Amino acid sequence: MTELVELKRVAMVYGPDDDPNMYELFEGVLYDRSYFFYLEHGKLYLRHVRKVEQPDHPHLYVDGESGGLQLAENVQREIMEVVTELIERLRSKNGLAFLLDELLWLHGRSHIELNLVKTKGNL
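Residues numbered from 1 in each chain as written. Predicted model: local features only at pLDDT ≥ 70, side-chain atom pairs only at ≥ 80, totals over all residues. Heavy atoms only, no water.

Asks: How should I be thinking about the pattern of salt bridges in this particular structure?
Replies: Opposite charge on two side chains lets them pair, provided their charged atoms get close. For the structure on display, the rule yields eight salt bridges. Here R33 ties to D32 by a salt bridge, and the two come within 4.0 Å at their closest N and O atoms. By relative accessible area, R33 is classed as exposed at 68%. With its nearest N and O atoms 2.9 Å apart, the salt bridge here joins E81 to R77. The partly exposed category is assigned to E81, whose relative accessible area is 41%. Linked by salt bridges that have partners in common, R89, K93, D101 and E102 make up one network. (Salt bridge = Lys/Arg side-chain N within 4 Å of Asp/Glu carboxyl O. Buried < 20%, exposed > 50% of the residue type's maximum accessible area, 1.4 Å probe, protein only.)

And the structure:
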């Protein structure tokens, strides 16, 4: 039996990039208190976010400065439906299946560096 995916509509403030006074606001969905999915020009992105601790803005988050992932492109469906389906699909995969089915076959990717093997002192 699959666990219910809990998503909440929120907004994320992103920036600044080049201009220290330039910020962008994105609407999207929050998963598990700190993972923000949003669509931009048909591309689905995932970012780590932190909640803005202001009572007047209960649905506002800021970028967690971790970089983001592009998860899909040419998305033309409603974001809640897409994210729910994606989370359920990823939950059904184990780590090895994800590496072999998704990461290894990315078209046009450069070399990906992961650090999956831990030293005995870091176990």
